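Remarks on the overall topology
Below are the chains, spelled out letter by letter.
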Amino acid sequence: MEKVVVLVRADDADDQWCERIRGPVADELLDLGVGGLTVNVRDSAVRHSVMTLTTLAPPVAAVISIWTHQSYGRQITAAVDLLARDCHSVAAYLVTESVPMAPPEHLGERCPGLANVALLRRPQHMDHGTWLTRWQTDHTQVAIDTQATFGYTQNVVVRPLTPDAPVVDGIVEELFPDAATTDLHAFFGAVDDADLEDRMTRMVASTSAFGATENIDTVPTSRFLLRSPFSAT
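Residues numbered from 1 in each chain as written. Predicted model: local features only at pLDDT ≥ 70, side-chain atom pairs only at ≥ 80, totals over all residues. Heavy atoms only, no water.

The residue Thr-207 is located in helix α5 (residues 193–208) in this model. By relative accessible area, which is 9% here, Thr-207 ends up buried. If we ignore the near neighbours within four places in the chain, the residues touching Thr-207 are His-139, Ala-212 and Thr-213. (Helix = DSSP H or I, 4+ residues; strand = E, 2+ residues; numbered from the N terminus. Buried < 20%, exposed > 50% of the residue type's maximum accessible area, 1.4 Å probe, protein only. Contact = heavy atoms within 4.5 Å.)

Attention now moves to the packing of helix α3 (residues 128–146) against α5. Between α3 and α5, the least distance of the axes is 10 Å, while the angle of their chain directions is 160°. By the criterion of interaxial angle, the relationship of α3 to α5 is roughly antiparallel. Between α3 and α5 lies a crossing of left-handed hand. Where α3 approaches α5, its residues His-139, Val-142, Ala-143, Asp-145 and Thr-146 are matched on the opposing element by Arg-199, Arg-202, Met-203, Ser-206 and Thr-207. (Axes fitted to C-alpha atoms, helices over the stretch in contact; angles between N-to-C directions. Parallel < 35°, antiparallel > 145°, perpendicular 65-115°, else oblique. Left-handed = near helix turned anticlockwise from the far one by under 90°.)

Two pairing modes exist for strands in a sheet, parallel and antiparallel, and in both the strands are linked by backbone hydrogen bonds. One closed barrel holds the eight strands; their spatial order is β1-β3-β2-β8-β5-β7-β6-β4, and the pairing between them is antiparallel. Adjacent strand axes in the sheet meet at a mean angle of 30° when their direction is disregarded. Relative to strand β7 (residues 170–176), strand β5 (residues 114–120) runs antiparallel, the two being bridged by seven bridges. The residue bridging Ala-118 from the neighbouring strand is Val-172, located in β7. Helix α2 (residues 74–84) contacts β1 (2–9), β3 (60–68) and β4 (89–101) of the sheet and is inclined by roughly 160° relative to β3. Strands β4, β5, β6 (151–160) and β7 of the sheet are contacted by α3, whose axis makes an angle of about 165° with β6. (Pairing = 2+ DSSP bridges.)

The final tally for this structure, using the stated rule, is three aromatic pairs. For the pair Trp-131 and Trp-135, a centre-to-centre distance of 5.2 Å together with 50° between the ring planes defines the contact as tilted. Taken together, the residues span about one helical turn, with Trp-131 and Trp-135 both in helix α3 at a distance of four residues. Each member of the pair Trp-131 and Trp-135 is classed as buried. (Phe/Tyr/Trp six-rings, centres within 6.5 Å; stacked < 30°, edge-to-face > 60°.)

These results come straight from atomic positions and should not be treated as a statement about function.
Below you can see the structure in the form of structure tokens.
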């Protein structure tokens, strides 16, 4: 199967909107026969995260991951049309997925914790191979070692599937304890201020090497796995 990540942007994404996206709209997506579906929404449980960064206006309010047998077929076109009814804009991307740390499966319910989604952009001066090596080969273990992560998925964007999609080269989803939403010590798994400073210094040095300290969006979300891509549909 192929994986498609859809970024849904909206100005008025309150909890009622989030419930609609992960409820009736998600049911319609499942009815399309998609091979797997995860819905991440920026709801009140995580909306005020201390790690939020935004370059896009309006901001990303939901991130939908769809597994399909044909990314350019009618299924994805129909999914984009469904989502477009309830938002300002929709951008879909075909991605290749790597999972350094598998997230827990809480099928049909909210996964505990903060699901922090980062939208990465490759610096123009850096070639794609160097950028990919510095991110996936050099940085991955640093991210795991310096943060309180219990789920980690990396998506390299192959190409956009919708017109006028914002430039995004990588999409990361990391899962953190609930306390990490408002507490930097909990986010980085630090035992005290000195440990926090050390972890943040190592993290910034590593992300700087592939340009992930600027021109980046981080979207705090609640994660809902609604159909596992590894189970029969």
